Structure formats: structure tokens, C-alpha cells
Amino acid sequence: MARLFFALPADNLADAIIRWRDARPWPGQAVPAANLHLTLAFLGEADEKQTRELMQQAAKLHCPPLTIELDACGWFARAKAAWIGPEQWPNELSVFARELQRLGSRLGLGNGEQHYHPHVTLSRKATEAPQDSPAPRFTLLAREFCLYQSVSSEQGVRYEPLARWPLRKRIHP
Ligand code: 2AM
């Protein structure tokens, strides 16, 4: 079994975001640069057959390249996650996240969560919200999406991309 999720990688921005976070008071336990991503759909524990099927189906999906402004800070009190994310985001992002979540649920995966709020988690075990001023000003240019496996080890968790696909608009004949 593998613990899986679909996400937009934030590799290009990760170092700049970490510098920004580390230059201000920020609650909780810092997430390392290599783990920064914007989750599209959480899938949970999948077996090999489900993983194969996810890859086959995901390859057929379409979503245009996306520009996402990371211009707000937030905190999920229950998950104790402090994050940055968009104040507003393209509708295509919500539509695509829903499609990926539905793909997961057709295969018996995911947590049935309906509400989608895009974010990049910058720390965990945060018992308070980060200060929201000055606001972040990053632009995530999403050109591809990935299926990640979450791997836990003594050094902590790391996210390994199992597959990646370009974001591309559907071309109508
Ligand atoms: P997070 O960024 O909000 O922490 C890998 O664990 C990814 O899946 C993380 O991005 C995490 O979201 C998300 N995730 C982990 N457990 C989850 C759950 N039970 N429900 C929804 N998303 C989850």
C-alpha cells in the first residue's frame, strides 16, 4: 500500500517561500523546502491496482496551465497546519481538484471531503495562526501536476513524485 495524493509541485518557488517564512515569526514545526506543494486531492492508502488505475485515468484529464497568486496566510486549527495560499483562485483549479477527487472516490480512495481550499502548508503542529501581515506575494505558475507518494522514515516524511503530467487545455475538434 502507498499513501498517495495529487498536487501541484512548488519546486520553483520553494526556496523563496522558505526564506520568506524564516524571516518572520511563524508558528509550528517548519516543513522543509522539498516538501512544499499545493494539494489537489488527497487519496490515502492505495494498492497497486488502484495506483495503476489512478495513473491511467489521470493521464486522460485536462486542465489549462494555471497562475495562482499566493497572497494570503491561513491556519487550519484542527489540522494545526499554517499555510500560504491564494485569496482568490481560478475556477479551473477548483474544477480540476474536484475531478481528481472524484477519480479517487470512484476507486474507493480519498476522504470524501467536499470543501476545497488551495494552500501550501509551511508548518505543522502550529497552535496559532501566522500573522497575516505583511502578506506573501508569490506567483505559482503551474504547468504540470503530480501523483505523489508520502514516505515516512526516521528522518521524517518525504513526498516522492510517482508520475507527472502536463497541464493542458482540452482541444475541441
Ligand atoms: P496539507 O498540506 O493540508 O497538510 C500529503 O500528506 C498531503 O495530503 C498533504 O498536503 C496534506 O495536506 C494532505 N493530507 C494528508 N492527510 C489528509 C487528510 N486526512 N485529508 C486531506 N488531506 C490530507
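Not measured: the values here are computed from a predicted model. (Residues numbered from 1 in each chain as written. Predicted model: local features only at pLDDT ≥ 70, side-chain atom pairs only at ≥ 80, totals over all residues. Heavy atoms only, no water.)

**Section: the pattern of salt bridges**
Rules: For this document, the term salt bridge refers to a Lys or Arg side-chain nitrogen within 4 Å of an Asp or Glu carboxyl oxygen. When a residue's accessible area, from a 1.4 Å probe over protein chains only, is under 20% of the maximum for its type it is buried; when over 50% it is exposed; and in between it is partly exposed.
Applying the stated rule across the entire model yields three salt bridges. For the salt bridge of Asp-22 with Arg-21, the shortest nitrogen-to-oxygen distance reads 2.8 Å. In this structure, Arg-158 and Glu-160 form a salt bridge, with 2.6 Å as the shortest nitrogen-oxygen distance. Owing to a relative accessible area of 39%, Arg-158 belongs among the partly exposed residues under this scheme.

**Digging into the packing of aromatic side chains**
Going by this rule: Between 30 and 60 degrees the pair is tilted, below 30 it is stacked and above 60 it is edge-to-face, where a pair is any two Phe, Tyr or Trp rings, Trp via its six-membered ring, whose centres lie within 6.5 Å. Secondary structure is summarised from DSSP: a helix means a run of H or I of at least four residues, a strand means a run of E of at least two, and numbering begins at the N terminus for each.
Taken as a whole and judged by the stated rule, the model has nine aromatic pairs. With a centroid separation of 6.1 Å and an interplanar angle of 85°, the aromatic rings of Trp-20 and Phe-138 are classed as edge-to-face. Of this pair, Trp-20 sits in helix 1 (residues 11–22) while Phe-138 sits in strand 8 (residues 138–142), and the two are 118 residues apart along the sequence. For Phe-138, a relative accessible area of 12% puts it in the buried group. Joined through ring pairs, the aromatic side chains of Phe-6, Phe-96, Phe-145 and Trp-165 make up one cluster.

**Focus: the site of the ligand**
So the rule is basically this: We call a residue near a molecule or strand whenever a single non-hydrogen atom of that residue lies within 4 Å of it. Within 3.5 Å is the distance limit for a polar contact, defined as a pair of N or O atoms, with the added protein rule that one can donate a hydrogen and the other accept it, and that residues adjacent in sequence qualify only through two side-chain atoms. Computed with the Shrake-Rupley method and a 1.4 Å probe, the accessible areas treat only the protein chains shown as cover for residues. Only Asp, Glu, Lys and Arg are considered charged in this grouping, and only Ala, Val, Leu, Ile, Met, Phe, Trp, Tyr, Cys and Pro are considered nonpolar; every other residue, Gly among them, is considered polar.
Taken together, the neighbourhood of the ligand is formed by Arg-3, Phe-5, His-37, Thr-39, Phe-42, Asn-111, His-119, Thr-121, Arg-124 and Tyr-159. Side-chain polar atom of His-119 to an oxygen atom of the ligand: 2.6 Å apart, as the coordinates give it. In this structure, an oxygen atom belonging to the ligand sits 2.8 Å away from a side-chain N or O atom of Thr-121. Within the complex, the protein chains bury 72% of what would otherwise be the 480 Å² of accessible surface of the ligand. When contributions to the shell around the ligand are tallied by element, the ones reaching two or more residues are strand 1 (2–9), strand 3 (37–46) and strand 7 (120–124). Counting residues per element, the shell around the ligand draws most heavily on strand 3, at three residues. Split into classes, the residues belonging to the shell around the ligand amount to three nonpolar, five polar and two charged.

**Quick word on the nonpolar core**
Note the cut-off: Within this scheme, the nonpolar core is defined by two criteria: the residues are buried Ala, Val, Leu, Ile, Met, Phe, Trp, Tyr or Cys, and they are joined through side-chain atoms within 4.5 Å. For this analysis, residues touch if any pair of their heavy atoms sits within 4.5 Å.
Counting residues in each nonpolar core, the largest one holds 44 residues, and the members touching the most others are Phe-6, Leu-8, Leu-36, Leu-70, Ile-84, Leu-100 and Phe-145. Leaving out residues up to four positions away in the same chain, Ile-84 has contacts with Ile-17, Trp-20, Trp-26, Leu-70, Ala-72, Cys-73, His-119, Val-120, Leu-122, Pro-136 and Phe-138. Counting five residues, the second-largest nonpolar core is a separate cluster that includes Phe-5, Ala-7, Cys-146 and Tyr-159.

**Let's talk about the layout of surface pockets**
So the rule is basically this: Any residue with an atom within 4 Å of a point lines the site, the site being either a cavity, points on a 1 Å grid over the protein atoms alone where a 1.4 Å probe fits but cannot get out, or a pocket, an open set with protein on both sides within 12 Å along at least 5 of 7 lines. Grid points are joined across faces, edges and corners, and a volume is the space filled by probe spheres set on the points.
Empty space within the largest pocket amounts to approximately 1,000 Å³. Considering the residues around the largest pocket, the lining is formed by 29 residues, among which Thr-39, Phe-42, Phe-76, Asn-111 and His-119 are closest to the centre. Those elements that place two or more of their residues in the lining of the largest pocket are strand 1, strand 3, helix 3 (91–106), strand 7, strand 9 (144–153) and strand 10 (156–166). Top contributing element to the lining of the largest pocket by residue count: strand 3, with five residues. Class assignment for the residues of the lining of the largest pocket results in 12 nonpolar, 12 polar and five charged. Estimated volume of the second largest pocket: approximately 210 Å³. In terms of lining residues, the second largest pocket is bounded by 13 residues, among which Gln-29, Ala-30, Val-31, Arg-124 and Val-157 are the most central. For the lining of the second largest pocket, the secondary-structure elements that each account for two or more residues are strand 2 (29–30) and strand 10.

Remember that the coordinates give geometry; whether it matters functionally is a separate question.
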